[in-house]
Amino acid sequence: MELIQQTPDLSAYLAADEAIDHEHPRVREVVGRLAREAEDSYAYARLAFEFVRDTIPHSQDSGDPRVTWRASDVLERRTGICYAKAHALAALLRAEDIPTALCYQRFDVVHGLVAVRLDGAWHRQDPRGNKPGVNAQFSLDGERLAFAPDHAAGEADYPELYAAPHPAVLDVLKAATDRPHLWQTLPAAL
């Protein structure tokens, strides 16, 4: 699948916004800690991915009813669904000048992940969090995502790379009173 930049200007994929608030002190603190451990941008990107995937539980898996959507809140509260975790990873990567896009897949509902631009190409990564049956890995050599769509069943990969969260995603996250409410309002398509 060819990934398509929604915005031609690569600098848009480095920008901060209300959800990807990479200038927030909490985000900067995590960035500083991870950057000290990394020898280069590739190592940093892997460390940031593994940090979000492994230390921030997916709220559905952990049973946490709180809904987060802003990167700094995800890092502070240590919880989030796929979209929120993607926002956190995007903030950590963009803070270190690594262009990062938000992208989506469609299953029963829309699933969120990121694409990182390294080696002159976009590479999708899924920081959702592993569990039995889910084994997402950081990879620049072919995708190792949490889920692969069954195209015969109507599931899909969306090829668009967004510089900001899709409004349908951000609106439901911001409006949700808790995770059970969020589950009733997740978008089925974009």
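Everything numeric here is computed off the predicted structure, so don't read it as measured data. (Residues numbered from 1 in each chain as written. Predicted model: local features only at pLDDT ≥ 70, side-chain atom pairs only at ≥ 80, totals over all residues. Heavy atoms only, no water.)

Q: How should I be thinking about the side chain of aspartate 157 in this particular structure?
A: As for its position among the elements, aspartate 157 is in strand S5 (residues 156–157). A distance of 2.8 Å separates the side chain of aspartate 157 from the side chain of glutamine 105, its partner in a polar contact. Those residues within four positions of aspartate 157 in sequence are excluded, and the remaining contacts are Met1, Tyr104, Gln105, Arg124, Pro149 and His151. (Helix = DSSP H or I, 4+ residues; strand = E, 2+ residues; numbered from the N terminus. Polar contact = N/O pair within 3.5 Å; in protein donor to acceptor, adjacent residues only side chain to side chain. Contact = heavy atoms within 4.5 Å.)

Q: Help me out: how do you make sense of helix H5 (residues 82–94) in this one?
A: Given a rise of 1.5 Å per residue, 13 residues ought to cover 18 Å, and the 18 Å separating the end C-alpha atoms of H5 matches this to within 8%. In terms of burial, H5 is a largely internal element, 13 of the 13 residues being buried. (Expected span 1.5 Å × (residues − 1). Buried < 20%, exposed > 50% of the residue type's maximum accessible area, 1.4 Å probe, protein only.)

Q: How should the packing of aromatic side chains be read in this particular structure?
A: Any aromatic ring pair is given by two values, namely how distant the centres are and how the planes are angled relative to each other. Tallied over the entire structure, the rule returns five aromatic pairs. Ring plane angle 65 degrees and centroid distance 5.2 Å describe the contact between tyrosine 13 and tryptophan 122, whose orientation is recorded as edge-to-face. Separated by 109 residues along the polypeptide, tyrosine 13 in the loop between strand S1 (4–5) and helix H1 (25–37) and tryptophan 122 in strand S4 (residues 121–125) bring together distant segments of the chain. Of the two residues, tyrosine 13 and tryptophan 122, both sit in the buried class. Measuring from ring centre to ring centre gives 5.7 Å for phenylalanine 107 and phenylalanine 147, while their planes differ by 65 degrees; the resulting arrangement is edge-to-face. Taken together, the residues phenylalanine 107 in the loop between strand S2 (100–106) and strand S3 (110–118) and phenylalanine 147 in the loop between S4 and S5 connect sequence positions 40 residues apart. Exposure remark for phenylalanine 107: the relative accessible area of 18% places this residue in the buried category. A connected cluster of aromatic rings, assembled from ring pairs, spans Tyr83, Tyr104 and Tyr162. We note lysine 174 situated over the ring of tryptophan 69; from NZ or CZ to the ring centre the distance is 5.2 Å. (Phe/Tyr/Trp six-rings, centres within 6.5 Å; stacked < 30°, edge-to-face > 60°. Lys NZ or Arg CZ within 6 Å of the ring centre and 35° of its normal.)

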